[in-house]
Amino acid sequence: MRLPIIAGNWKMNNTISESLALIEDIKKYDLNKEVEAVVCVPYISLSKVKKALEGTDIKLGAQNMHWEDNGAYTGEISPVMLKEIGVDYCIIGHSERRQYFNELDDRVNKKIKAALKYDIKPIVCVGETLEEREASKEEEVVKEQVLKALENIEKEDIKNIVIAYEPIWAIGTGKTASSDDANKMCEFIRKTIGDKYDVEAKEDIRIQYGGSVKPDTIKDLMAKKDVDGALVGGASLVARDFVSLVNY
Ligand code: PGA
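This report concerns the structure included in the present document. (Residues numbered from 1 in each chain as written. Predicted model: local features only at pLDDT ≥ 70, side-chain atom pairs only at ≥ 80, totals over all residues. Heavy atoms only, no water.)

1. Brief notes about the layout of surface pockets
Empty space within the largest pocket amounts to approximately 640 Å³. If you go around the largest pocket, you meet 24 residues; those closest to its centre are Tyr-43, Gln-63, Asn-64, Arg-97 and Phe-101. Counting only elements with at least two residues in the lining of the largest pocket, the list comes to helix H4 (95-100) and helix H5 (105-117). Here the element with the most residues in the lining of the largest pocket is H4; it accounts for 3 residues. A breakdown of the residues in the lining of the largest pocket according to their chemical character gives 9 nonpolar, 8 polar and 7 charged. If you add up the space inside the second largest pocket, you get close to 280 Å³. Leu-31, Lys-33, Thr-56, Asp-57 and Ile-58 are, among the 16 residues lining the second largest pocket, the residues nearest its centre. Residues that form the lining of the second largest pocket fall into these classes: 7 nonpolar, 3 polar and 6 charged. (1 Å grid on protein atoms, 1.4 Å probe; cavity = no way out; pocket = protein on both sides within 12 Å on 5 of 7 lines; lining within 4 Å. Points joined across faces, edges and corners; volume = space filled by probe spheres on them. Helix = DSSP H or I, 4+ residues; strand = E, 2+ residues; numbered from the N terminus. Nonpolar A, V, L, I, M, F, W, Y, C, P; charged D, E, K, R; others polar.)

Here it is in structure tokens:
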């Protein structure tokens, strides 16, 4: 059985004090223990949020990292630094990073390997643009992203990787893929993993959907066979909404 995973991607939102206030709000509610809840917060808030999460089951995630342990990379943050804080997850290859920060597939691959080396679980984002979907190229595009991301990654590591299928046209737009469309793509990604590795890897890999997920759409989504969770932007910034997503 795959453990469902609901991850909040706060993006570039919340100062340190706002981050702590949001965590305190979330802590007022009971969360379903059968679901893994993750908050992916800005770098500067990671240490303090880690402390604030003590005694809860909520996991901590970063939103990006460099692939080197250290070095002359001004402005970057390494997996070693994240490890010391006690980060459990790291979003890698989010479409906003691909789009605005030139994050190409080979960098995504290096970052996944670096995360795994330090026991940080990567949440690897893939997804097509609107033009690609309109040209019926979504499977081709997503397959290429998945295979390039997982190049030279061993089967043993698959259980520690989460893939987030996030169609770019659905991110922050209020447009969401139907639960059937989301499931179809998650199923396709699962098949791609099965073809690359084997049946066990296919069954182990956790696949999330992301893109305008809201409390009123989560139930339908989570009822689908191949959807193991959600990566949520906007709705994760409101405590009550995040809690309803986790408690779907
Ligand atoms: P959204 O963002 O839920 O605001 O659409 C999702 C994401 O970018 O991970």
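So, next bit.
2. Describing the packing of helix H7 (residues 138-149) against helix H8 (residues 179-196)
Contact geometry of H7 with H8 gives a least axis separation of 10 Å together with a crossing angle of 45 degrees. It follows that H7 is oblique to H8 by the angle criterion. For the pair H7 and H8, the sense of crossing is right-handed. Judged by residue contacts, Glu-138, Glu-139, Val-142, Lys-143, Val-146 and Leu-147 of H7 engage Met-185, Phe-188, Ile-189, Thr-192, Ile-193 and Lys-196 from H8. (Axes fitted to C-alpha atoms, helices over the stretch in contact; angles between N-to-C directions. Parallel < 35°, antiparallel > 145°, perpendicular 65-115°, else oblique. Left-handed = near helix turned anticlockwise from the far one by under 90°. Contact = heavy atoms within 4.5 Å.)

3. What about the packing of H5 against H7?
Between H5 and H7, the shortest axis-to-axis distance is 8 Å and the interhelical angle comes to 45 degrees. Relative to H7, H5 is oriented oblique. Across the interface between the two elements, Asp-105, Val-108, Asn-109 and Ile-112 of H5 pack against Gln-145, Lys-148 and Ala-149 of H7. Taken together, the residues of the contact of H5 with H7 break down into 3 nonpolar, 2 polar and 2 charged.

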